[in-house]
Amino acid sequence: MIPKYSRLVCFVGLFIRHIQSQDCTLLNVHVSTVTKENVRLLSSMSNPFPLRCLRDIKAFGLPQNIVSYSQPVERDIKEVFYDITIQALHIFSRHTSNFAGKEEYLTQIKSELAEQREYLKQCLKEDKKEDKDTQEMKTHEVQHLEVQVIQKSKLALRGYFKRIENYLKDKKYSYCAWKIVQAEIKRCFVYFLEFTKLLGGNKVYF
Amino acid sequence: MLLSHQAPALGLLSLCLMVYVSLALNTSHNTPESAAEKCNFKMTFRKYRLILSWELKNRSVVPTYYTFGYTIMSKREGMKTVENCTNITRSFCDLTDVWQDMPETYIPMVKGFRGETLLVLCLAAITNLDLSFQPPDFRIVGYADHINVSVQFPPVAPKIYGEELHRHASLIIEEHSEDIDKRHEPKISGSFSGNFSYVINNLIPNTNYCVSVYFEPRNSRIVIKPPLKCVLLQLPQESGSSKSIKIIVFIVIFISVAISIILILKQIGYVCLHTEFPKALIFRNFVVQIFPERPLSEEVNMLEVISVHRKKKVWDYNYDDESDTEDEAPLRTNARGYTMHGLTGRLLSQFRPSSASSQASHPEDPADEESEEPDKETEPLFQPLAAQGPSPGQREGPRERAEGLPHNRSPKDDDSNSTGGSGDKITFNVDLNSVFLRALHDDAEDSEEAALVLPPQEEDPQETESSLLVPHGKKLQVLFPSLPPGCLWTGGDLSDKSDTTSSGADDDVRDGYIMR
């Protein structure tokens, strides 16, 4: 009995890493599915929009140029999605007493974002290991350029979400502030949803 | 004192008034918000137009006209009005060329009035993910094994949020049958404009298929499917005739192949085909059997054979002429050794049909004829009894003579002959070997009896010839194989007119005579 189970465990253990690595091959599907679900939940909470909240509308300056170059690298997109996931989860996890929506919807959104965060984190680790093998093939200049692009994208996104967080603080996490933040984050998800297709090698319609 | 007692009442009253006023103000302040919660907005791509429609939750409130405006979330801009959607009675607004930024969040505002009174105020935050696509108009035409699906697009490709339709949604064609559901996503090059046709192939005839055509958004889960359109695939009526043609062609090919195989086998020699059909397959025989032909009429002459006992004259190798009466046939012999005797007879009657009585022997040629054609003398001896008219070998002479009835020189016969006699006498020799007895229809029994009942031969010392069964040529026929050799006509002298009594009976058969 025991030897049989041990063999089975060893057999699964040998292939579990391969299974996990295969999971990252479906990254575009996973991210797209999670993003669409979050957008649906946020849409259900955005309407109706209160008239009084019209005065609290603010332009947060979504960074649309971070993936506008001609040939976006797949790993850069992964990095972008990873940052977006972390920042959105950070926003939805603080001062949600006046959250403009159902509590269960908020819980579901945080759960989806947490799961996506771990998933992207695992995939990025695997990419780093693969990059070490091919790093010697790249020139120093190419590596420096790629790092700059990634850093620029990360800074832009962090600044965008920082403005959202500051807005909430200024509005004291009011109902209207949450309404506007919900709509803005939904807009961010919709914008970057198009880039999930790049994860699978598909074209993106701008 | 009066004022001191009224001060608490006045304070209480002012407090109530303040509460009432504040409540009234809050209510009036919240009216737009509450009114905004009473609308349901719906963003739809309908007939290739971007249509925003609204519906009041409280249907008891019916405004007389609406005013539509919108703003963008990311821009601190005031409300923008839409020209075609101001003071409208309909509850929708066409924003195809108005909203052109896809990632933006638009905030539409709808005000409902009855006269000058604002009854309802509705706001929403709408993105392209809230967009639903109405299915396009399509037609299906069913054939034997395929369906032609036609989708009608507008002449000019519409734009949604400033982009082509195919960037927002895919055209999906679903095929449903009893057991199979298939999904087709045709690749459309360019934009959705003009009429689009798609053929669903490899379908099963005589099967009911249902088709559905709709748009599937790329970023939204809102899918609107139309009612199914069904068609029963039937074979065209012309296929029946084509089937019959196919059957005919197959039969022709089969027959040709069979014939070719038979011919090949014949060439090889495996099959031998008879050129002559067996008698059973001759149709004429069938006809003859069904409708038996009446036998040809035969010229049958009735002959009365008169036996004349004559002494057989033996030739003494004397070539001197011997006296001979004209009635007496010259005693002669032929090469075969026969002793020829003549018989005189007289034709009783001449019958055309073959129902004659038993016949006598075939007449022999007389001597005069013998000299001319000695070879032919043999033939009459071996010819059948019933002369069927003139045979090729016969001449008119014998026929003429055959017409005459062999006349019995006996007085009895003479008497009988004299009754009809015209004086015509026919003399001929009869070779009993060549005598055929043919069973006639009427006298069949008699003829048979005559054939069978033959007395034994009486020995005659002067008989020089004991056998008539002499094979001669090819026409030898053993007429009476059962007859003893003695049953021969020894004959007598024709000149002797007397007829012995021993052979007087006409019906007796003695000494080889066939007596009548």
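The residue numbering used here restarts from 1 in each chain and proceeds along that chain's sequence as written. Here every chain gets a letter starting at A, and every ligand a number starting at 1, in the order they are written. Where totals are concerned, whole chains, interfaces and linings use all residues; where local detail is concerned, this predicted model gives features only for residues with pLDDT of at least 70, and gives and counts side-chain atom pairs only at 80 or more. Side-chain calculation: all heavy atoms of the structure are included, whereas hydrogens and water are not.

As recorded in an unreviewed UniProt entry, chain A goes by Interferon kappa and comes from Fukomys damarensis. UniProt positions are given in the numbering used here, feature names are shortened, and annotations may be inferred rather than shown by experiment. Of the comments in the UniProt record for chain A, the one headed Sequence similarities (unreviewed entry) reads "Belongs to the alpha/beta interferon family." One UniProt comment on chain A, placed under Subcellular location (unreviewed entry), says "Secreted".

A. Quick peek at the environment of Lys75(B). The helix and strand labels rest on DSSP assignments: H or I over at least four residues marks a helix, E over at least two residues marks a strand, and numbering proceeds from the N terminus. Summarising the element assignment, Lys75(B) is placed in the loop between β3 (65–72) and β4 (80–88). For the pair formed by Lys75(B) and Thr105(B), sequence separation is 30 residues and the distance between their alpha carbons is 9.8 Å. Setting aside anything within four residues of it in sequence, one finds Lys75(B) in contact with Ile57(A), Ala59(A) and Asp101(B). Note on contacts: a residue pair qualifies if any of its non-hydrogen atoms lie within 4.5 Å across the two residues.

B. Up close: the sheet that holds strand β10 (residues 147–152) of chain B. Residues and elements named next belong to chain B. We treat two strands as partners when DSSP finds at least two bridges between them. Taken in spatial order, the three strands make up an open sheet running β9-β10-β15, and their pairing is antiparallel. Each edge of the open sheet is held by one strand with a lone partner, namely β9 (138–142) and β15 (195–200). Going from strand to strand, the sheet's axes swing by 20° on average, the running direction of each strand aside. Taken together, the five bridges between β9 and β10 define a ladder with antiparallel strand orientation. Of the residues in β10, the one forming a bridge with Ile140 is Val149. Every axis corresponds to a line fitted to the C-alpha atoms, with the helix fit spanning only the stretch in contact, and the corresponding angles, defined between N-to-C directions, vary from 0 to 180 degrees.

C. Structural view of the nonpolar core. The biggest cluster of nonpolar side chains holds 58 residues, and the ones touching the most others in it are Phe49(A), Phe92(A), Phe161(A), Trp178(A) and Phe192(A). Those elements that provide at least two residues to this core are α2 (27–46), α3 (74–92), α4 (103–134), α5 (140–170) and α6 (175–193) of chain A together with β6 (106–114) and β7 (117–123) of chain B. Per element, the largest residue contribution to this core is 12 residues, and it comes from α6(A). Leave out the neighbours within four places in its chain, and Phe161(A) touches Ile84(A), Gln87(A), Ala88(A), Ile91(A) and Cys188(A). Of all hydrophobic cores here, the second largest spans 50 residues; its members include Cys85(B), Leu131(B), Phe192(B) and Phe196(B). Residues grouped as a nonpolar core are buried Ala, Val, Leu, Ile, Met, Phe, Trp, Tyr and Cys residues, joined through side-chain atoms within 4.5 Å. Burial classification: accessible surface area is computed with a 1.4 Å probe over protein chains only, and a residue below 20% of its type maximum counts as buried, one above 50% as exposed, and the rest as partly exposed.

D. Here's a closer look at the confidence of the model for chain B. Residues and elements named next belong to chain B. Across chain B, pLDDT averages 67, with 48% of residues at or above 70. Predicted confidence in chain B is weakest over helix α5 (residues 378–382), with a mean pLDDT of 41, and strongest over strand β5 (residues 92–94), with 94. Segment residues 26–33 is flagged for pLDDT under 50; beyond a separation of four residues in sequence, or across chains, it makes four contacts in the model. Note: pLDDT gives the predictor's confidence per residue, expressed from 0 to 100. Here residues 442–510 is a poorly scored stretch, pLDDT under 50, and it has 162 contacts once near neighbours within four places are set aside; other chains count. Scored as a complex, the prediction yields pTM 0.51 and ipTM 0.73.

E. Region of interest: the pattern of salt bridges. Just to be clear on terms, a salt bridge is a Lys or Arg side-chain nitrogen sitting within 4 Å of an Asp or Glu carboxyl oxygen. Under the definition given, this model contains 15 salt bridges over all chains. A salt bridge links Arg117(A) to Glu118(A); its shortest N-O distance comes to 3.5 Å. The closest approach of N and O atoms between Asp94(B) and Arg49(B), which form a salt bridge, is 2.9 Å. Of this pair, Asp94(B) sits in strand β5 while Arg49(B) sits in strand β2 (residues 49–56), placing them 45 residues apart in sequence. Linked through salt bridges whose partners overlap, the residues forming this network are Glu184(A), Arg187(A) and Glu104(B).

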